[in-house]
Amino acid sequence: MKCKITAAVLAAAGLTVCTAAAASAAMQICYDGATHWYNGAIYSLYVNGNKIESPMEPIIFNDHALVPVREIFEECGATVEYTGETQCVEIEYNGSYIRMYINDNYAYVNGEKQPIPDNVVPKLINKPGGETKTMVPVRFISETVGMDVEFDGEQGRIDITSDAASEATPETDTAVTEAPAAETTVTDTAVAQTASNITDITYNMVSETSVKITVTCDGPVSGRYSHFTLDDPERVVVDFAGMGFLTGESTINIGADGISEIRTGSDSERARIVLDVEGLVGYSVTEASAASVEITAEVSGSSDAGGSAAQEQQPSAADEQAQSGGTESIVAGAVSDAYKTGIVAASAEDSQKVIMLDAGHGGEDPGAIGNLGGTAINEKDLTLAITYKVKDILESNGYKTSMTRTGDTLPSLTERPAQANAEGCALFVSIHINSAEAESANGTEVYWSEENNGNEYGITSEEFAVNVLDSMIKYTGATDRGVKMANWAVTRRSEMPAILVEVGFISNSAELQAMCDDDYQNKVAKGIAEGIIDSLHKVELP
């Protein structure tokens, strides 16, 4: 059963008429700070004919299909930004700027407030231990953005086609589409042919805190450009539809106080100029002539970038933990000396084996979210705090460690094991915090991957998991939930023995209180460290 979804179809009949033959599955998914069982349809996703692999497949949520927004728009050449502090998703697509917020049923398209169809709000959803994705209702893609959406229930797939890919010939509003053939006569409605390239970019510092940038093109540019600002970091963005750069992409260093550089980039739909600033006061984009545009920007001039750079060069553990955005109780400090003792010191051989420590989630992905006395606690902050303590214990006893993230960043589930593989690590440990719908769920469990359980390193991942879990329970006294097999991305992609630790349940108020306590974190860290050392002795690097 295959059906094309239009706004009228969606409004009249919802999605259930097209999902009857879709495959269904039972799996755990996490959203709104809790873990839920999902027993519904799961779809394959195709964008412009290309199959999209995502950590979260399209699912049915409250009788409406949700799809991962980043994979769809980036496949269409768009830019997607997410700001964790405000839970804001920003999309630049086909000359439009779209902004929406998690759990908010309004979107802002080019500044105009529009309701998201069916009152289905964007959600942050992930599988336990997997990457969190921003999921939006597919009707939003169809109705608000204008892409074509087709459901094929028999094949269990959703096909999304962007307007640029679906139009065989240019329409009258060709200002944001591909230029017509060279022999086509240029008219008022075919401005896309009036200029093909940006030929020159120059700048002039008008004052210590303001800059004027002149962009010259090889033809008239009226109606060809759009502009907006982005935050975190601050930048002014100017897009030129259907154009490229005659001399290629480049970066122009300015180095002024609060005005750092001009960057350029292009794809099949646009040429982009980005001005990196700090403390932006205001900006303007105007036509200087028929074939040139002037970009002016003024900053406050109060940038403290120099001090920040110095901190980034040599951050302490406490500094980097504080940057992660956690509460004061989570990042209470380094491990006390009492927890560094009683550990077997590294032998000369073991001191050369690198242990990769992976703090789960980070950046725009908070992981599971708990509530402690009215304060939201993010999994990403707890994992980073504990990971630093494990690092401190190991290094104090002569062991060598590396970390996949040292602050509030979000390495992908591919990058984390890839880093461990590239560094030739002996062991890989990913640290997470569990969540469940039932608040009574509690205890510690450790996962290993069946796809990575060989004995090439002298010890299997399963044996490694047993050592770490036993040691953690010895120090914390937590409920022993056992060693379990699950093919998490970070463990199965690691070449060395690899495990994923679920310290406790953020959804359990008593365990959350404990995991935010500095002394309990020390016990967790010592248990993990000791389990690592017990396993490292057996590792024989290939």
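The present account deals with the structure reproduced in this document. On a predicted model such as this, the values are computed, not experimentally measured, just so you know.

Description of the overall build of the protein chain
When its secondary structure is counted, the protein chain shows 12 helices and 34 strands. Expressed as a percentage of its 542 residues, the buried residues of the protein chain come to 51%. Counted over contacts in the protein chain with a minimum sequence separation of 6, partners at least 24 positions apart contribute 65%.

Concerning the pattern of salt bridges
Any two side chains of opposite charge can pair, on the condition that their charged atoms come close. Throughout the structure, instances matching the rule amount to 24 salt bridges. As a salt-bridge pair, arginine 416 and aspartate 358 come within 2.7 Å of each other at their nearest N and O atoms. Here the residue arginine 416 occupies a position in helix α8 (residues 415–422), and aspartate 358 occupies one in strand β27 (residues 354–359), the gap between them amounting to 58 residues. Given a relative accessible area of 3%, arginine 416 falls into the buried group. Between glutamate 445 and lysine 484 there is a salt bridge, and its shortest N-O distance comes to 2.7 Å. Of this pair, glutamate 445 sits in strand β32 (residues 444–448) while lysine 484 sits in strand β33 (residues 480–485), and the two are 39 residues apart along the sequence. For glutamate 445, a relative accessible area of 2% corresponds to the buried category. The exposure class of lysine 484 is partly exposed, given its relative accessible area of 28%. Bridged by salt links that share partners, the residues Glu92, Asp239, Asp267, Arg270 and Arg272 form one connected network.

Overview of helix α9 (residues 461–476)
When the terminal C-alpha atoms of α9 are compared, their 22 Å separation across 16 residues agrees well with the 22 Å that a helix rising 1.5 Å per residue should span. Among all positions of α9, only Ser461, Phe464, Ala465, Asn467, Val468, Leu469, Ser471, Met472, Ile473 and Thr476 are buried. The inward-facing, buried residues of α9 abut β31 (427–434), β32, β33, β34 (498–505) and α12 (518–536). Glycine 477 sits one or two residues past α9 and shows a positive phi near 70°.

Points about unusual backbone geometry
You will see that asparagine 48, though not glycine, has its phi angle at about 50°, which is positive. Following the sequence through the fold, asparagine 48 ends up in the loop between β4 (44–47) and β5 (50–52). Notably, histidine 361 is not glycine yet its phi reads approximately 65°, a positive angle. Looking at the secondary structure, you find histidine 361 in the loop between β27 and β28 (369–372). Relative accessible area serves as the criterion here: at 5%, histidine 361 is assigned to the buried category.

Some points on the pairing of strand β19 (residues 225–230)
Strand direction decides the pairing type here: β19 and strand β20 (residues 235–241), joined by 6 bridges, are antiparallel. In the sheet register, histidine 227 faces β20, and the bridge partner there is valine 238. Here β19 folds back onto β20, and the loop between the two strands holds 4 residues, one of which, aspartate 232, carries a positive phi near 55°.

Things to note about the packing of aromatic side chains
In the structure shown here, the tally under the stated rule is 2 aromatic pairs. Between the aromatic rings of tyrosine 225 and phenylalanine 240, the centroid separation amounts to 6.2 Å while the plane-to-plane angle is 45°, which identifies the pairing as tilted. Residue tyrosine 225 is found in strand β19, and its partner phenylalanine 240 is found in strand β20; the two are separated by 15 residues along the sequence. Note on tyrosine 447 and tryptophan 488: the rings are 5.7 Å apart at their centroids and 70° apart in plane angle, and the pair reads as edge-to-face. One end of the pair, tyrosine 447, is in strand β32; the other, tryptophan 488, is in the loop between β33 and α10 (489–492), with 41 residues separating them in the sequence. Each member of the pair, tyrosine 447 together with tryptophan 488, is buried. Cation over ring: arginine 157 sits above tyrosine 46, and NZ or CZ is 3.5 Å from the ring centre.

So, the nonpolar core
Core analysis: the largest hydrophobic core is formed by 64 residues, its most contacted members being Val390, Leu394, Val429, Val501, Val503, Ile528 and Ile532. The next biggest cluster of nonpolar side chains, apart from the first, holds 47 residues, and it includes Val109, Val136, Val149 and Ile158.

Some words on the sheet that holds strand β12 (residues 112–115)
Taking strand neighbours across the sheet as the criterion, the 5 strands line up as β8-β9-β10-β11-β12 in an open arrangement whose pairing is antiparallel. Unpaired on one side and paired on the other, β8 (79–83) and β12 mark the two borders of the sheet. Along the sheet, successive strands turn relative to each other by an average axial angle of 20°, direction set aside. Taken together, the 5 bridges between β8 and strand β9 (residues 88–93) define a ladder with antiparallel strand orientation. Looking at β9, one finds that valine 80 is bridged to isoleucine 91.

Some thoughts on α8
Among all positions in α8, only Arg416, Pro417 and Ala420 are buried. Taken around the axis of α8, the buried residues stretch over an arc of 90°, which confines them to a single face. Packing partners of the buried residues in α8 comprise β27, β31 and α10. Two residues or fewer after α8 comes glycine 424, characterised by a positive phi angle close to 60°.

Quick notes on the side chain of threonine 134
On the secondary structure map, threonine 134 appears in strand β14 (residues 133–137). Taking the relative accessible area as the measure of exposure, threonine 134 reaches 12% and is therefore buried. Setting aside residues no more than four positions away along its own chain, threonine 134 makes contact with Val67, Pro68, Val69, Tyr82, Val89, Ile102, Lys123 and Leu124.

Considerations on the sheet that holds strand β24 (residues 270–277)
Across the sheet, 5 strands lie side by side as β19-β20-β24-β23-β22; this open sheet has antiparallel pairing. Looking at the sheet topology across the chains shown, the edges are occupied by β19 and β22 (251–256). Averaged over all pairs of adjacent strands, the angle between their axes in this sheet comes to 15°, without regard to strand direction.

Here's the deal with the packing of helix α7 (residues 379–396) against α12
As a packed pair, α7 and α12 sit with axes 8 Å apart at the nearest point and diverge in direction by 55°. On the basis of their axis angle, the class for α7 and α12 is oblique. α12 is crossed by α7, and the crossing has right-handed handedness. Residues Leu382, Ala385, Ile386, Lys389, Val390, Ile393 and Leu394 of α7 form the contact with α12, whose participating residues are Asp518, Gln521, Asn522, Val524, Ala525, Lys526, Ile528, Ala529, Ile532 and Ile533. Looking at the contact of α7 with α12 residue by residue, the class counts come to 12 nonpolar, 2 polar and 3 charged.

Things to note about the environment of aspartate 267
Topologically, aspartate 267 is positioned in the loop between β23 (259–266) and β24. In sequence terms aspartate 267 and alanine 241 are 26 residues apart; their C-alpha atoms lie 9.9 Å from each other. In terms of polar contacts, aspartate 267 uses its side chain to reach the backbone amide nitrogen of arginine 270, at 3.0 Å.

Procedures and definitions
- Residues numbered from 1 in each chain as written.
- Predicted model: local features only at pLDDT ≥ 70, side-chain atom pairs only at ≥ 80, totals over all residues.
- Heavy atoms only, no water.
- Helix = DSSP H or I, 4+ residues; strand = E, 2+ residues; numbered from the N terminus.
- Buried < 20%, exposed > 50% of the residue type's maximum accessible area, 1.4 Å probe, protein only.
- Contact = heavy atoms within 4.5 Å.
- Salt bridge = Lys/Arg side-chain N within 4 Å of Asp/Glu carboxyl O.
- Expected span 1.5 Å × (residues − 1).
- Pairing = 2+ DSSP bridges.
- Phe/Tyr/Trp six-rings, centres within 6.5 Å; stacked < 30°, edge-to-face > 60°.
- Lys NZ or Arg CZ within 6 Å of the ring centre and 35° of its normal.
- Core = buried A, V, L, I, M, F, W, Y, C linked by side-chain atoms within 4.5 Å.
- Axes fitted to C-alpha atoms, helices over the stretch in contact; angles between N-to-C directions.
- Arc of directions from axis to C-beta.
- Parallel < 35°, antiparallel > 145°, perpendicular 65-115°, else oblique.
- Left-handed = near helix turned anticlockwise from the far one by under 90°.
- Nonpolar A, V, L, I, M, F, W, Y, C, P; charged D, E, K, R; others polar.
- Polar contact = N/O pair within 3.5 Å; in protein donor to acceptor, adjacent residues only side chain to side chain.

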